[in-house]
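Take a look at the letters that make up each chain.
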Amino acid sequence: MTTDTGTGTSGRRLPSGALPRMILLLAGLAFGWIAVSGMKELSSIIGPIFLALNLIVVAYPIKTALVRRGMPQWVGALLATLAVLVALILFFWSIVWAVTSLVNELPHYGSKFDQLQRDGLKYLERFGVDQSTIDEQLRSIDSGKIMGWVTQAASVLSGVFSLLAVVVTMLFFLAMDSMGFSRRMEIAGKHHSGLVRAFNAFSHGVRKYWIVSTVFGLIVAVLDYGVLLALGVPLALVWGVLAFVTNYIPNIGFVFGLIPPALMALLDKGVAQALIVVVAYCVLNFVVQSIIQPKVAGDAVGVTASLSFFSLLFWSWALGPLGSILALPATLLVKSLLVDGDPESRWANAFIAADPTTAETETVESCAGLEDEADDPATA
C-alpha cells in the first residue's frame, strides 16, 4: 500500500509548494484572532476614529454637492464638517435638555414623593419590613462603595468627553483629506479597481445604515410621543426627542429614554399610568428596534438579520459600548474589503448577503457614483 503526500482528500495532487486548505484556514483564524485581540486593546482609539470616518462618509455628499455648484474644495469640506459638528452638538444638547427638564420638574412633586414613600412603607410592612429596618440597612451601606460608584460615574463622563475630543479632532483631519479624495480614489482604481469598488460599496452602505437608523428613530419618537401625549404625561415632547436620540444606541438605548417619562408618569398620574408607559415603551421599542429595524438595516447594508445581530454582540465585545453603535458599519467594512473586494471570496455572499442573487451586481453598480465624481472636472 502506498501513500501520496502530495494529494488532497479528493485524490488530486496539490500544486508544488501549496499548503493544505486546512492549514490555510487555521492560519487565517489565528491571524484573525490576533488582529481582533489587538483591536480590543486599542478600542479607545479605533472606536472614535471609525466613528469620525462614518460621520465624514455620511456628510461627504454635502461636500460634493457644494463643489458641483462652484464652491472651492476647502469651503465644501468645511461646511460638511460643520454640518457633522452641528449634528453632534444637537445630539448631546438633546440629552442635556432632557436631563435638565427632569431636574427642574421634580421639585414640583415633593408632596408626591412623600406620599409615594408612605405608600411604599405601608406596602413593605405587610412583609415585616418597617422604617427602623430600612434605616438600619441604610446605615450599613459602606460609604467607600458610594464613593466608588461616584468615581466610576465621573470616569465614564470623562471618557465621553475624551471620546468627543478625539472624534472632533479626527473629523477636521479627515475633512482636509477629503478635498483630494476623488482624485486619490481615481488613481487607486487604476491599480486595484476591486479595492476601490469595495470601499465605495462600504460608503454607500454606511449612508444607508445611518439613514435607516434616523428614520426608525423618528418613527419610535413619534409613537412614544403619541402614547405619552394620550396619557397626559408631562413634558411629552422632551421625552419624544430623548427617545429619538437614544434610538442610536441599539437594544439598551430605549431604557435610557424610558426612565424619565416613567418617573414623571409615576409622580403625576400614579403607579398604573407608569406601568402603562413602561409596557408601551417596551412593546413599541421591542417591535420596532429589535424586530423590524435590524431586518431593514441589514437589508440596507446587504447582510442577513442573523449576521446583523451577531455583529452587535461581536463589536460590542471588541470595541466596547461604542461598538454597539458601529456594529453594522464595522461588519460592512469587513465584508466590503474581504468579500466584495475579492472576486475569489464573493461566494461568501451566498451565506451572509441579504440578497445573494444581487449582491455582486450591487457591488459593481455601487462604483458608478465614484466614477461620475472622478469624471467631473469640479471634483478632479
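Criteria and thresholds
- Residues numbered from 1 in each chain as written.
- Predicted model: local features only at pLDDT ≥ 70, side-chain atom pairs only at ≥ 80, totals over all residues.
- Heavy atoms only, no water.
- Helix = DSSP H or I, 4+ residues; strand = E, 2+ residues; numbered from the N terminus.
- Buried < 20%, exposed > 50% of the residue type's maximum accessible area, 1.4 Å probe, protein only.
- Contact = heavy atoms within 4.5 Å.
- Areas by Shrake-Rupley, 256 points an atom, 1.4 Å probe, with all protein chains shown as cover.
- 1 Å grid on protein atoms, 1.4 Å probe; cavity = no way out; pocket = protein on both sides within 12 Å on 5 of 7 lines; lining within 4 Å.
- Points joined across faces, edges and corners; volume = space filled by probe spheres on them.
- Axes fitted to C-alpha atoms, helices over the stretch in contact; angles between N-to-C directions.
- Parallel < 35°, antiparallel > 145°, perpendicular 65-115°, else oblique.
- Left-handed = near helix turned anticlockwise from the far one by under 90°.
- Nonpolar A, V, L, I, M, F, W, Y, C, P; charged D, E, K, R; others polar.
- Salt bridge = Lys/Arg side-chain N within 4 Å of Asp/Glu carboxyl O.
- UniProt positions renumbered as here; feature names shortened; annotations may be inferred.
- Core = buried A, V, L, I, M, F, W, Y, C linked by side-chain atoms within 4.5 Å.

Within the protein, the regular secondary structure consists of 17 helices and zero strands. In the protein, which comprises 380 residues, the share counted as buried stands at 36%. Considering only contacts in the protein between residues 6 or more positions apart, those separated by 24 or more positions represent 71%. Accessible area for the protein stands at about 22000 Å²; split by element, carbon and sulfur atoms hold 70% of it.

This brings us to helix α9 (residues 236–246). In terms of burial, α9 is a largely internal element, eight of the eleven residues being buried. The complete set of buried residues in α9 reads Ala236, Val238, Trp239, Gly240, Leu242, Ala243, Val245 and Thr246.

Take empty space enclosed by the protein next. Taking a probe equal in size to a water molecule and rolling it over the atoms shows the remaining empty space. Applying the stated criterion across every chain yields a total of two cavities of 30 Å³ or more. One number sums up the size of the largest cavity: a volume of about 50 Å³. As for the largest cavity, its lining consists of Ile56, Ala59, Tyr60, Lys63, Ala77, Ala80, Thr81, Ala175 and Ser178. For the lining of the largest cavity, the elements supplying multiple residues, two or more each, are α2 (43–68), α3 (73–105) and α6 (143–178). Looking at which element gives the most residues to the lining of the largest cavity, the answer is α2, with four residues.

Quick look at the environment of glutamine 273 now. Tracing the backbone through its elements, the reader meets glutamine 273 in helix α11 (residues 271–301). Placed 41 residues apart in sequence, glutamine 273 and glycine 232 show a C-alpha to C-alpha distance of 9.4 Å. Apart from the residues lying within four places of it in its own chain, the contact partners of glutamine 273 are Leu231 and Ala265.

All right, on to the environment of isoleucine 56 then. The residue isoleucine 56 is located in helix α2 in this model. Since its relative accessible area comes to 12%, isoleucine 56 is described here as buried. For the pair isoleucine 56 and serine 203, spaced 147 residues apart in sequence, the C-alpha separation works out to 9.8 Å. Excluding anything up to four places from it in sequence, isoleucine 56 contacts Thr81, Leu171, Leu174 and Ala175.

The subject of this paragraph is the packing of α2 against α3. Interhelical geometry of α2 versus α3 gives an angle of 140° and a closest axis separation of 8 Å. Classified by the interaxial angle, the pair formed by α2 and α3 is oblique. The way α2 lies across α3 gives a crossing that is right-handed. In contact with Leu55, Ile56, Ala59, Ile62, Lys63, Leu66 and Val67 of α2, α3 contributes Gln73, Gly76, Ala77, Leu79, Ala80, Thr81, Ala83, Val84 and Leu88. Per-class residue counts for the contact of α2 with α3 are twelve nonpolar, three polar and one charged.

This part covers the pattern of salt bridges. For the structure on display, the rule yields one salt bridge. Its salt-bridge partner being aspartate 268, residue lysine 269 comes within 3.5 Å of it at the nearest N-O pair. Residue classification places aspartate 268 among the partly exposed positions, given a relative accessible area of 26%.

This part takes up the UniProt feature "transmembrane region" (unreviewed entry) in the protein. The sites that UniProt annotates as "transmembrane region" (unreviewed entry) are residues 18–36, 42–62, 74–99, 153–175, 209–231, 237–259, 271–292 and 312–334. Secondary structure across residues 42–62 comprises 95% helix and 0% strand; the distance between its end C-alpha atoms is 31 Å. As annotated, residues 312–334 has a helix share of 91% and a strand share of 0%, and its two end C-alpha atoms lie 14 Å apart.

Leu55, Val167, Leu171 and Trp210 are the most contacted members of the largest nonpolar core, which has 38 residues in total. Elements supplying a minimum of two residues to this core: α2, α3, α6, α8 (193–231), α11, α12 (305–319), α13 (321–325) and α14 (327–340). Ignoring any residue separated from it by four or fewer positions in sequence, one finds leucine 55 in contact with Val84, Leu88, Val167 and Leu171. Grouped together as the second largest cluster of nonpolar side chains are 20 residues, Leu228, Leu242, Leu267 and Val277 included.

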